[in-house]
Amino acid sequence: MKRPPLPPIVEQTRVFLLTQTWLLLVGLLIFLLLLEPLSARGPLDDEASNALGVLLGSLILTPTVLALAAKAVRHGWAAGWVLALLAEAAVGFLCYAAADFGLFFGVPTLLVVGLGCWVVVNLLRADTRRFFFGRARTAARA
C-alpha cells in the first residue's frame, strides 16, 4: 500500500534530515581515517582525550537520531517533530564538540549547520506543526 504524499515543506524537512545523516556518516568515516595521523602525533592529554571521546560518540549518535527522525517524519508521527528538533540540537552540539577538539572542515560543516538551521525553521512553521499535531487533535475530538 502506497503512503499518501507528504506536504512539500514536510518532505523537504525529511530530505534535509536524511542529507544531514549521510553528511555526518561521511564525516565519521573521514574522522576515523584521521585517527591514525592524530595518534602518530603522540598521546593525547586528558582534556583532548575526553574531547575526542565526546566527538566520536557524537559522530555515532547524531546520525542515528537524524535517521530515526527522518523515519518518524515520513510516517507523520508527532514524535518525528520532537525527534527532529532533538536531532538538530545534537547537530549543534556535534559542531561545538568538533570546534572544541580543533576540527573544522569548512564547507561540509557549514552545509550541515545550514541544513540544520533550515530544518529548525521548517519545524517551527505553522503548517508543519499543524501537519504533526493537528491530525492528532482532530482524531481525538472525533
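Residues numbered from 1 in each chain as written. Predicted model: local features only at pLDDT ≥ 70, side-chain atom pairs only at ≥ 80, totals over all residues. Heavy atoms only, no water.

Draft legend 1. Focus on a nonpolar patch on the surface. On the surface, a nonpolar cluster with roughly 300 Å² of combined accessible area is contributed by L18, W22 and L25. Given the relative accessible area of 58%, W22 is considered exposed. (Patch = residues over 30% accessible without salt bridge, like charges linked within 9 Å, V, L, I, M, F, W, Y side chains within 5 Å. Areas by Shrake-Rupley, 256 points an atom, 1.4 Å probe, with all protein chains shown as cover. Salt bridge = Lys/Arg side-chain N within 4 Å of Asp/Glu carboxyl O. Buried < 20%, exposed > 50% of the residue type's maximum accessible area, 1.4 Å probe, protein only.)

Draft legend 2. Broad picture of the packing of aromatic side chains. Using the criterion set out here, one finds four aromatic pairs in the structure. Look at W81 and F133: their rings are 5.4 Å apart centre to centre, the planes differ by 70°, and that puts the pair in the edge-to-face class. Residue W81 is found in helix α3 (residues 78-101), and its partner F133 is found in helix α5 (residues 126-141); the two are separated by 52 residues along the sequence. (Phe/Tyr/Trp six-rings, centres within 6.5 Å; stacked < 30°, edge-to-face > 60°. Helix = DSSP H or I, 4+ residues; strand = E, 2+ residues; numbered from the N terminus.)

Draft legend 3. Representation of the nonpolar core. The biggest cluster of nonpolar side chains holds 32 residues, and the ones touching the most others in it are V10, L17, L55 and F101. Of all the secondary-structure elements, those providing two or more residues to this core are α1 (8-40), α2 (46-75), α3, α4 (107-124) and α5. With nine residues, the top contributor of residues to this core is α2. Not counting residues within four places of it along the chain, the set of residues in contact with L17 comprises L66, A69, A70, V73, A84, E88 and V119. (Core = buried A, V, L, I, M, F, W, Y, C linked by side-chain atoms within 4.5 Å. Contact = heavy atoms within 4.5 Å.)

Draft legend 4. Examining α3 more closely. With 24 residues, α3 should cover 34 Å at 1.5 Å per step; its first-to-last C-alpha distance of 35 Å lies within 8% of that length. Those residues of α3 lying buried are G80, W81, A84, A87, E88, V91, L94, A97, A98 and F101. At the C-terminal side of α3, G102 shows a positive phi close to 100°. (Expected span 1.5 Å × (residues − 1).)

Draft legend 5. Examining the state of the cysteines more closely. Summed over all chains, the structure comprises zero disulfides. Free cysteine C95: the closest other cysteine sulfur is in C117, separated by 9.2 Å. (Disulfide = S-S within 2.5 Å.)

Draft legend 6. Focus on the packing of α1 against α4. In the contact formed by α1 and α4, the axes pass within 10 Å of each other and the chain directions differ by 155°. One element, α1, and the other, α4, form an angle in the roughly antiparallel class. Seen from above, α1 lies across α4 with left-handed handedness. From α1, I9, Q12, T13, F16, L17, T19, Q20, L23 and L24 reach across to α4, where they touch L111, V112, L115, G116, W118, V119, N122 and L123. Looking at side-chain class alone, the contact of α1 with α4 contains eleven nonpolar, six polar and no charged residues. (Axes fitted to C-alpha atoms, helices over the stretch in contact; angles between N-to-C directions. Parallel < 35°, antiparallel > 145°, perpendicular 65-115°, else oblique. Left-handed = near helix turned anticlockwise from the far one by under 90°. Nonpolar A, V, L, I, M, F, W, Y, C, P; charged D, E, K, R; others polar.)

Draft legend 7. Seen up close, the side chain of T128. Inspection of the secondary structure assignment puts T128 in helix α5. Residue class for T128 comes out buried when judged on its relative accessible area of 1%. Those residues in contact with T128 that sit more than four places away from it in its chain are I9, V10, W81, N122 and L123.

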